[in-house]
Structures are given as structure tokens and as C-alpha cells.
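The residues making up each chain are set out below.
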Protein chains: 2
Amino acid sequence: MVEEQIIQLLRKSQLSVTDSRRKILEIFIQAGSALAHHDVEEKTSERYDRVTVYRTLQTFMEKGIIHTIPTTDNSIKYALCKEDCAEGHHHDNHIHFVCEICGAITCMDEIHVPTINLPEGYHANQINMVVNGICKNCKA
Amino acid sequence: MVEEQIIQLLRKSQLSVTDSRRKILEIFIQAGSALAHHDVEEKTSERYDRVTVYRTLQTFMEKGIIHTIPTTDNSIKYALCKEDCAEGHHHDNHIHFVCEICGAITCMDEIHVPTINLPEGYHANQINMVVNGICKNCKA
DNA sequence: GCCAATTTTGCAACTTTGTTGCAAATGATA
DNA sequence: TATCATTTGCAACAAAGTTGCAAAATTGGC
């Protein structure tokens, strides 16, 4: 059951289980794709304060439950991390796909980011790859 | 002479040559790396209004003079486009390098983005690749 | 160089987005 | 269930970005 998984995840991250945290995690799981702060706020505004949403997303970031995705329009999008995302250190070296039609952002875990040869003297720590295009559902 | 180049570029983009546009282009040329709106504002605040900077950057975007770079901290960075950037359609398929120490963002034109195989049904239009690490100048 | 038409700028006012401090409410633990 | 620590909501604020409109600057023809 989903509700149980959510509680497990919060416990594992050493976070107390509160209504807002449960609800926000649920929203991410149901959404399936990445969400902006605004999206989360919209879906919870009747219940939780704006500030609570900000703080909850921040906490989830710190605990490695969600990560941000750099998009070309530079709006901050958050997505659930995978199993092996540890606190502080993310394994989100996968490709993010942004659909130009429906706007959905998908994490393509199956495709890993190719290695590249940087010029002399440069050292890479993290590589982000964002692909814009048309997704499976929107293809006519 | 740089001043001449700037005027040429504005003319080519069918923009009237105004003080603020000249000055802002000059700032980008001198900077060499990508700049946030804030950076531009700082360097011009004595002369030009905040709103003018916003509108100028917007105009430059539309005309393909500058493009945005998706960064991991999701702050909007603007950088000069290369020769072959046409109005509306950017050829900025190069790698952007963000130095974690000095913060400078460099466009690595010499390295082109590798092609990747997307899952069935997905179609890529634009690929953005942002590499975070340590740059030549900051390497101890 | 000057004049009229158009474009651009600055100002003011506003909306949206994000932050901080503090008291009240909630959750964890014994 | 009582206590302590954490989390929440509120208020107030700071920063980022937008819009309408009148004044100023730019362009192109004369």
C-alpha cells in the first residue's frame, strides 16, 4: 500500500511523519513526473501554507528524497529520487526529458549520461543532460 | 573595433541602436562567460532602469543574440550566441561548463553533444548538457 | 540638420516568488 | 498522557519579474 511506503520513506530519512509531508509525497508519487513548487502549492493550498510547502521541499532535498531538474526555461522542477539517492549525494546522473507539448518531465533512468572528454585542466563532478522534444503520449 | 561590431550586430538583428543595448552587449562581450540578470543589472544600475534590463535581455533572446543556460541551481544565466544562431532557432547544442569554485560559466563550442538513443516513441528536438566541476583557472 | 513617426526608456504600481522570526500546534518518546 | 523537540501558520518582509503609460530617444525622409 502506498500510504505505508510513504511512512517508511519518511522514517528511513529520519523525518517525523506529518500530514503535510505525507500529502506532498503522495502528490509526487501520483504525478509520476517532475513538479514545480507552484504545482505542489496548487494541489495543497487549501490545507497547507505556502511556507510549509517551501520548507517541506527543502527538507526533502536535504534528505535526498527529491532532486531538482535544470530546465531551459529555468523554472525549478522537483522530482522523486531513486532508491540509491543518499543524503547529500544524488545519483541523478540520468537524462531528463521535457515534453514540449504536455510539459511533462520524465526521468529516463535506463539511459545513462555518456562520458565526454573535457579540455585540459577541466574536471567534471556532475553532468546534467536535459532533452527537449515530444514524448510518447503526445506523438500524433 | 568592438564598438563597431556591436552596432553591426544590432543592425543585423533589426534593432535600433540605443545606449542601453550597446552597453549591455558590451558587458556580455567583456564578461566572456554567462551572466545572470542580476549581474547585468549591477553593472548598469547607475544608468539604466531594472525594467530596461529585463526588456533588453528579452529582446536579445527573441533576436537570437543571447540564449539561456539551464543551471543546477536554476538561476537564469544568459550567454552570447554564436554566429549561426538565427532568430527563434538556436544552435546552442554545445556543452556548458559551470565552475563550482569561481562560478564562471563557459560555453565549450569545441565539444559537441553526443547523440543518444531515446526509448521508442520519443523524439528529441534540443539537447542541453551542463557540466559542473572545476575549471582550468581554479585547478590548484 | 530638422521634423514627424515609431520605438525605447523610466517611473510607478503591481504580482509572483522566496525568506525569516516567532508563537501555537503537532509529533515522538518515555 | 506528559514532556520535549520539531513542525506549522502567520505576518512581515525581500527579491524577482511584469504591465501601462507618458516622456525621451532613434530612425528615416526631406
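One structure accompanies this document, and this report is about it. Values in this document were obtained by computation on a predicted structure and should not be read as measured data.

### Side note on the sheet that holds strand β2 (residues 66-69) of chain B
All names here are of chain B.
Turning to step 1, where the next piece is worked out: If you walk across this open sheet you meet the three strands as β1-β3-β2, and the pairing is antiparallel. With one partner strand each, in any of the chains shown, β1 (35-36) and β2 form the two edges of the open sheet.
Turning to step 2, where the next piece is worked out: Relative to strand β3 (residues 77-80), β2 runs antiparallel, the two sharing four bridges. For Thr68, the partnering residue across the bridge sits in β3 and is Tyr78.
Turning to step 3, where the next piece is worked out: Across the face of the sheet, helix α2 (residues 19-31) comes into contact with β1, β2 and β3 while running at roughly 85° to β3.
Turning to step 4, where the next piece is worked out: Relative to the sheet, helix α4 (residues 50-62) contacts β2 and β3, its axis offset from that of β2 by approximately 100°.

### Considering the pairing of strand β6 (residues 123-134) of chain A
Turning to step 1, where the next piece is worked out: In the sheet, strand β4 (residues 94-99) of chain A pairs with β6 of chain A via five bridges, with the strands oriented parallel. Across the sheet, Phe97 of chain A pairs through a bridge with Val131 of chain A, a residue of β6 of chain A.
Turning to step 2, where the next piece is worked out: Bridging between β6 of chain A and strand β6 (residues 123-134) of chain B involves eleven bridges; their strand directions are antiparallel. The residue bridging Asn132 of chain A from the neighbouring strand is Gln126 of chain B, located in β6 of chain B.

### Topic: the protein's contact with DNA strand D
Turning to step 1, where the next piece is worked out: Around DNA strand D there are 22 residues in total, and Thr18, Ser20, Thr52 and Arg55 of chain A together with Val17 of chain B lie nearest to it.
Turning to step 2, where the next piece is worked out: When the atoms of DNA strand D within 4 Å of the protein are grouped by moiety, sugar and phosphate amount to 67% of the total.
Turning to step 3, where the next piece is worked out: Within the contact set of DNA strand D, a phosphate oxygen lies 2.2 Å away from a side-chain nitrogen or oxygen of Ser20 of chain A.
Turning to step 4, where the next piece is worked out: Val17 of chain B places a main-chain nitrogen or oxygen 2.8 Å from a phosphate oxygen of DNA strand D.
Turning to step 5, where the next piece is worked out: When residues of the surface near DNA strand D are traced back to their parent elements, those giving at least two are α2 (19-31) and α4 (50-62) of chain A together with α4 of chain B.
Turning to step 6, where the next piece is worked out: The leading source of residues in the surface near DNA strand D is α4 of chain B, at five residues.
Turning to step 7, where the next piece is worked out: Of the residues that constitute the surface near DNA strand D, the class distribution is six nonpolar, eight polar and eight charged.

### Focus: the packing of aromatic side chains
Turning to step 1, where the next piece is worked out: Scanning the entire structure with this criterion turns up two aromatic pairs over all chains.
Turning to step 2, where the next piece is worked out: With a centroid separation of 4.9 Å and an interplanar angle of 80°, the aromatic rings of Tyr122 of chain A and Phe97 of chain B are classed as edge-to-face. With Tyr122 of chain A in the loop between β5 (105-112) and β6 and Phe97 of chain B in strand β4 (residues 94-99), the pair connects residues from two separate chains.
Turning to step 3, where the next piece is worked out: Judged by relative accessible area, Tyr122 of chain A falls into the buried class, the value being 18%.
Turning to step 4, where the next piece is worked out: The class of Phe97 of chain B is buried, set by a relative accessible area of 0%.

Calculation rules
Along every chain, residues carry numbers that run from 1 in the direction the sequence is written. Starting at A for chains and at 1 for ligands, labels are handed out in the order in which the entities are written. Local features are withheld for residues below a pLDDT of 70 in this predicted model, meaning they are given only at 70 or higher, and side-chain atom pairs are given and counted only at 80 or more; totals for whole chains, interfaces and linings count all residues. Heavy atoms throughout the structure, all of them, feed into the side-chain values; hydrogens and water do not. Here, any two strands with at least 2 DSSP bridges between them count as paired. Counting from the N terminus, the helices are DSSP H or I runs at least four residues long and the strands are E runs at least two residues long. Contacts were defined at the residue level, with two residues in contact if any of their heavy atoms lie within 4.5 Å. For helices, the fitted axis covers only the stretch in contact; all axes are lines through C-alpha atoms, and the angles between them, taken along N-to-C directions, range from 0 to 180 degrees. Near residues are defined by distance, with any heavy atom within 4 Å of the molecule or strand qualifying the residue. Throughout this description, a polar contact denotes any pair of N or O atoms lying within 3.5 Å of each other; where both atoms belong to protein, one of them has to be capable of donating a hydrogen while the other can accept it, and for residues adjacent in sequence the pair is counted only when both atoms sit in side chains. Put simply, Ala, Val, Leu, Ile, Met, Phe, Trp, Tyr, Cys and Pro go in the nonpolar bin, Asp, Glu, Lys and Arg in the charged bin, and everything else, Gly too, in the polar bin. Classification of ring pairs uses Phe, Tyr and Trp, with its six-membered ring standing for Trp, and accepts pairs whose centres are within 6.5 Å; under 30 degrees between planes counts as stacked, over 60 as edge-to-face, and the remaining range as tilted. Exposed residues in this analysis have more than 50% of their type's maximum accessible area, buried residues have under 20%, and partly exposed residues fall in between, with area computed by a 1.4 Å probe over protein chains only.

As far as function goes, none of this settles anything; it's purely spatial.
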